[in-house]
Amino acid sequence: MRVIVVKDKAAMGKRAWEVMQEAIMGHANPVLGLATGSTPIPLYDEMARANKAGKADFSTTITFNLDEYVGLAPEHDQSYRCFMNKNLFDKININKANTHVPDGKAKDVPAFCAEYERMMDDIGGVHCQVLGIGSNGHIGFNEPGSSLASRTRMVQLTDRTIQDNSRFFAGKKDVPTKAITMGIGTVLEADSIILLANGANKADAVKKSLEGPITCMAPASALQLHGDVTFIVTEDAAAGLTRMVER
Ligand code: F6R
């Protein structure tokens, strides 16, 4: 695994965009797996900047988001569909019909999840998957204890994740308690993976992912099983690392 330590969030976004471009180079229809949350915003800003400057074209790009809250309609201002439109899709020349976010209002959730996996398969899989990491080590909404072979499904959010995400809602009681998420097994099928982390509150999760045993109790540790993973972490999030890293 490649571990790149950067000074701050802005540098994290720049390096992530460089690594992403290498990963999708040569693909006529690049397929991106995308995450929401605060962490990938500097990357999305870089993508938007490059597009505006005429240095990147997303007209043939296809995207699949990792997750969505169950119960939130796409129009809800805290839905992940709304987040993606606001922070990326509305700022680049992507065809929205080629952007996929799980449907938080799906009537038949298991059927929807199977269909989401089928769509990714039919398209030939994800070329580059972007991940953030929860302070408890989750990727997507695969909370500690998730099977390392898990597929897209509905999950229960932990109290810690609900607490962490309550900053985006009026209060903790307004945070949905369930989500649809790609599984860890799904994520591991991407050709390449970029995990981003910033902030001292991620240091423990980053250390466990990179230097700890592979265990479902630290879901991102499953990335050790993948052959093309790049962690791009700010100095505060890398504080616990003891092995060699790239700067
Ligand atoms: C969201 C997702 C989550 C977040 C994680 C970190 O799509 O996949 O795993 O990446 O909760 O969130 P932030 O970036 O807000 O700290």
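Here's what I pulled together on the structure shown here. (Residues numbered from 1 in each chain as written. Predicted model: local features only at pLDDT ≥ 70, side-chain atom pairs only at ≥ 80, totals over all residues. Heavy atoms only, no water.)

**Quick notes on the site of the ligand**
Surrounding the ligand, one finds 14 residues, the nearest of these being Thr-39, Asp-67, His-138, Gly-140 and Lys-202. At 2.9 Å from an oxygen atom of the ligand is found a main-chain nitrogen or oxygen belonging to Ser-38. His-138 is positioned with one of its side-chain polar atoms (N or O) 2.7 Å from an oxygen atom of the ligand. Taking 410 Å² as the accessible area of the ligand by itself, protein coverage stands at 94%. When grouped by side-chain class, the residues that make up the shell around the ligand number three nonpolar, eight polar and three charged. (Near = heavy atom within 4 Å. Polar contact = N/O pair within 3.5 Å; in protein donor to acceptor, adjacent residues only side chain to side chain. Areas by Shrake-Rupley, 256 points an atom, 1.4 Å probe, with all protein chains shown as cover. Nonpolar A, V, L, I, M, F, W, Y, C, P; charged D, E, K, R; others polar.)

**Remarks on the sheet that holds strand S8 (residues 178–181)**
Reading across the sheet, the three strands line up as S4-S8-S7 and stay open at both edges, with antiparallel pairing between neighbours. A single partner strand is all that each edge strand has here, and the edge strands are strand S4 (67–69) and strand S7 (153–156). The sheet shows a mean angle of 30° between the axes of neighbouring strands, taken without regard to direction. Across three bridges, S4 lies against S8 in antiparallel orientation. (Pairing = 2+ DSSP bridges. Helix = DSSP H or I, 4+ residues; strand = E, 2+ residues; numbered from the N terminus. Axes fitted to C-alpha atoms, helices over the stretch in contact; angles between N-to-C directions.)

**Observations regarding helix H1 (residues 9–24)**
Between its first and last C-alpha, H1 extends 22 Å over 16 residues, near the 22 Å set by a 1.5 Å rise per residue. Residues of H1 that are buried include every one of Met-12, Gly-13, Ala-16, Trp-17, Val-19, Met-20 and Ile-24, and no others. Among the structural elements, strand S1 (2–6), strand S2 (31–34), helix H2 (41–52), strand S6 (128–131), strand S9 (192–197) and strand S10 (229–234) are those in contact with the buried residues of H1. After H1 finishes, the residue Gly-26 shows a positive phi value of roughly 90°. (Expected span 1.5 Å × (residues − 1). Buried < 20%, exposed > 50% of the residue type's maximum accessible area, 1.4 Å probe, protein only. Contact = heavy atoms within 4.5 Å.)

**Comments concerning the pattern of salt bridges**
Opposite charge on two side chains lets them pair, provided their charged atoms get close. Across all of its chains, the model carries 13 salt bridges by this definition. Taking the shortest distance from any N to any O, the salt bridge between Glu-46 and Lys-14 comes out at 3.8 Å. A residue pair is termed long-range when its members are at least 10 positions apart, and Glu-46 in helix H2 and Lys-14 in helix H1 qualify at 32 residues. Classification of Glu-46 by relative accessible area gives buried; the value is 11%. Residue classification places Lys-14 among the partly exposed residues on the basis of a relative accessible area of 43%. In this structure, Arg-118 and Asp-122 form a salt bridge, with 2.2 Å as the shortest nitrogen-oxygen distance. In this pair, Arg-118 and Asp-122 both sit in helix H4 (residues 109–122), four residues apart, roughly one turn of the helix. Given a relative accessible area of 56%, Asp-122 falls into the exposed group. Linked through salt bridges whose partners overlap, the residues forming this network are Lys-14, Glu-46 and Arg-49. (Salt bridge = Lys/Arg side-chain N within 4 Å of Asp/Glu carboxyl O.)

**Regarding the sheet that holds strand S5 (residues 99–100)**
As a general point, the strands of a sheet are linked pairwise by backbone hydrogen bonds and lie either parallel or antiparallel. Pairing within the open sheet is parallel, and its seven strands lie in the order S1-S10-S9-S6-S2-S3-S5. Single-partner strands in this sheet number two, and they are S1 and S5. With two bridges connecting them, S2 and S6 associate as parallel partners. Residue pairing for S6: Leu-32 is matched across the bridge by Cys-128.

**Side note on the side chain of His-127**
For His-127, the location among the structural elements is in the loop between H4 and S6. Using a relative accessible area of 11% as the deciding quantity, one classes His-127 as buried. With residues up to four places along the chain from it excluded, the contact list for His-127 reads Ile-24, His-27, Asn-29, Pro-30, Val-31, Asp-191 and Ser-192.

**Looking at the packing of aromatic side chains**
The full count for this structure, using the stated rule, is seven aromatic pairs. Centroid distance Tyr-80 to Phe-141: 6.0 Å. Interplanar angle 20°. Geometry classified as stacked. Residue Tyr-80 is found in helix H3 (residues 80–87), and its partner Phe-141 is found in the loop between S6 and S7; the two are separated by 61 residues along the sequence. Among the aromatic residues, those joined into a cluster by ring pairs are Tyr-69, Tyr-80, Phe-141 and Phe-169. (Phe/Tyr/Trp six-rings, centres within 6.5 Å; stacked < 30°, edge-to-face > 60°.)

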